[in-house]
Amino acid sequence: HRSAATTMTGAVERAARAFASGMRRALVAGARGGARAGPAELAPSLGAFRHGVIRGHRAVPAWRVCGGIGPARLTASHRVAHRGFAAGDAAGSGKNGDDEESDEGAEEGDEGDGEWEDALEGLPVEALELRDAIPDDQGAMADRTLPVYGITGVPTGETVTLPGRHFDVPLRVDIAHRVVVWQRSKRRGNYAKTLTRSEVSGTTRKARAQKGAGRARVGTLRAPQMRGGGVAHGPNGMRNWNTKLQRRVRRLGLQVALSAKAAEGRIVVLDSLHEGVEPKTQWLDGALDTLLGAQSLAAGGRAHSVLCAEIPPALEQGGLPAKRTCAQTGRKLPAVHSNAKRASLNLPHVQVMDQFGLNVYDVLRHRSLAITRDALDALVGRLDRPIKPDRAKWSASQPTPDPAEVLDWTSRGHLGEVDKERKKEEVFKRRAAKKAGARV
């Protein structure tokens, strides 16, 4: 494999050198009116040429080198392969165009980021209503209406309403910070573990005589002061990094994160992430190009950064059988994936999850948020649910029983309930007579 890669690299270098030499001769000859150019009057160097050509056949989008391809790659009729899928095939350098000089080309290409940023201005971004600054009326709890799009960026003609009580709350940075720290602490693993003098392997023989040697007595060779002995007061692998956070603060943090995305105009509502979606990575990447344009690109413009929330379909609805890892036991459990979930597994910055798992850290970590209509309804219902339903039930006024219902209970044999009602009535009469000043 190394020899084949070296041969391919040499062929590309020779072709680039020959093409650069011909281009320099043609440019200088045209400037001189057809005369032959001398060695000292050559056009730009080969290194400057390789900066554009060799970098163009790597796992870098072609529209970053050729600005004219940018808007066309996002149309339905002309989708150019990019970002490592087939960009390397066009230059004949493996599947993703990777070789020994890929890192060098990437480092050299960081200087020309301003050139391809100008080419991103014409990309379609109808699905995202981006704003240059946060509006002055943010936090007024005002509802907002958004259109519904298909995964390919085609509007369906329907609209949904984002309730202001969840998507337009004041942006509390301190609340979001508390929730993110709480989440990261819960995810933090405890891997630090040292061996004590009772756990380290070593001999149990007596090091030397107890008396007579003129030296200090030694009880064991596995003591912390001995070479190869145990560690005293080291981490034991039992530390717990979890912290407590009130449920109302967690809910407020999620509302702040959703409101931040809504204030930036980075929320798009989709009709479905399963129907009409092909479980192919390249297909989903092209659909995100058409839907979101360049405004959701991250990692230097090489990949989309979007969080998709959905309600996974069942197997009867065409869901794909899959496996998931249990967070507590680490075992593989059966699961069901949608077509978008299956297609997003190879996209590093695209995450498709159940709406029940939406959290502050993932919402803020991605540039855009795409949510389906049914997932939006379920999310709003989950946020509207009281934090402690039992307490809300207790605080509500209890209706007094109807005498007809009491008689019905008596006929059914509920004598205990009737006795309780009679005792309550006697207590009320006694209190009323005591207030009136009469003895009962």
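Preceding this section is the structure that the text describes.
Residues numbered from 1 in each chain as written. Predicted model: local features only at pLDDT ≥ 70, side-chain atom pairs only at ≥ 80, totals over all residues. Heavy atoms only, no water.

Two elements in contact, helix H8 (residues 247-264) and helix H12 (residues 373-384), have axes separated by 11 Å at closest approach and are oriented at 140 degrees. In terms of their interaxial angle, H8 and H12 are classed as oblique. The two elements H8 and H12 cross, and the hand of that crossing is left-handed. Across the interface between the two elements, Arg-251, Leu-254, Gln-255 and Leu-258 of H8 pack against Leu-379, Arg-382 and Leu-383 of H12. Here the contact of H8 with H12 is built from residues that sort into four nonpolar, one polar and two charged. (Axes fitted to C-alpha atoms, helices over the stretch in contact; angles between N-to-C directions. Helix = DSSP H or I, 4+ residues; strand = E, 2+ residues; numbered from the N terminus. Parallel < 35°, antiparallel > 145°, perpendicular 65-115°, else oblique. Left-handed = near helix turned anticlockwise from the far one by under 90°. Contact = heavy atoms within 4.5 Å. Nonpolar A, V, L, I, M, F, W, Y, C, P; charged D, E, K, R; others polar.)

On inspection of all chains with the given rule, the structure shows zero aromatic pairs. One residue, Arg-188, lies across the ring of Trp-241, its end atom 3.4 Å from the ring centre. (Phe/Tyr/Trp six-rings, centres within 6.5 Å; stacked < 30°, edge-to-face > 60°. Lys NZ or Arg CZ within 6 Å of the ring centre and 35° of its normal.)

The next subject is the environment of His-304. With respect to the helices and strands, His-304 occurs in strand E5 (residues 303-304). Considering only alpha carbons, one finds His-304 and Asp-285, 19 residues apart in sequence, at a separation of 7.8 Å. Polar side-chain contacts of His-304 include one of 2.4 Å to the side chain of Asp-289. Polar contacts involving the side chain of His-304 include one to the side chain of Ser-296, which spans 2.8 Å. (Polar contact = N/O pair within 3.5 Å; in protein donor to acceptor, adjacent residues only side chain to side chain.)

Right, let's talk about the nonpolar core for a bit. By size, the foremost hydrophobic cluster in this structure holds 29 residues, and its most contacted members are Phe-167, Leu-258, Leu-358, Ile-371, Leu-376 and Leu-379. Once residues lying within four places of it in the same chain are set aside, the contact partners of Ile-371 are Val-268, Val-269, Leu-270, Ala-309, Leu-376 and Leu-379. If you look at the next biggest cluster of nonpolar residues, it comprises 22 residues, including Ile-151, Leu-273, Ala-287 and Val-350. (Core = buried A, V, L, I, M, F, W, Y, C linked by side-chain atoms within 4.5 Å. Buried < 20%, exposed > 50% of the residue type's maximum accessible area, 1.4 Å probe, protein only.)

The subject of this paragraph is unusual backbone geometry. Backbone geometry places Met-141, a non-glycine residue, at a positive phi of 60 degrees. Within the element layout of this structure, Met-141 appears in the loop between helix H5 (113-119) and strand E1 (144-149). Phi at His-233 takes a positive value of approximately 60 degrees, unusual for a residue other than glycine. Tracing the sequence through the fold places His-233 in the loop between helix H7 (173-187) and H8.

Moving on to the pairing of strand E10 (residues 368-372). The buried count for E10 comes to five of five residues, which makes it a mostly enclosed element. Judged by which residues are buried, E10 turns out to be covered on both faces: Ser-368, Ala-370 and Thr-372 on one side and Leu-369 and Ile-371 on the other are all buried. Inspection of the sheet shows strand E3 (residues 267-270) paired to E10 by four bridges, in the parallel sense. The residue of E10 that forms the bridge with Val-269 is Ile-371. Sheet topology places strand E6 (residues 306-310) next to E10; four bridges connect them, and they run parallel. (Pairing = 2+ DSSP bridges.)

As a further point, take the packing of H7 against H8. Following both chains from N to C, one finds H7 and H8 inclined at 115 degrees, their axes separated by 8 Å at the closest point. Here H8 runs roughly perpendicular to H7, going by the angle between their axes. The two elements H7 and H8 meet at a crossing, and its hand is left-handed. Seen from H7, the contacting residues are Ile-175, Ala-176, Arg-178, Val-179 and Trp-182; seen from H8, they are Val-249, Arg-250, Leu-252, Gly-253 and Val-256. A breakdown of the residues in the contact of H7 with H8 according to their chemical character gives seven nonpolar, one polar and two charged.

Assignment of secondary structure puts Gln-138 in the loop between H5 and E1. Within the structure, the side chain of Gln-138 is placed 3.5 Å from the side chain of Asp-168, a separation counted as a polar contact. Those residues within four positions of Gln-138 in sequence are excluded, and the remaining contacts are Asp-168, Val-169, Pro-170, Leu-171, Ser-259 and Ala-263.

This part is about the sheet that holds strand E2 (residues 155-162). Strand order in this open sheet of six strands is E2-E1-E3-E10-E6-E9, and the pairing throughout is mixed. Looking at which strands have only one partner, the edges of the open sheet turn out to be E2 and strand E9 (350-354). The average undirected angle you get between the axes of adjacent strands in this sheet is 30 degrees. Alignment of E1 against E3, held across two bridges, turns out to be parallel. Within E3, the position partnered with Tyr-149 by the bridge is Leu-270.

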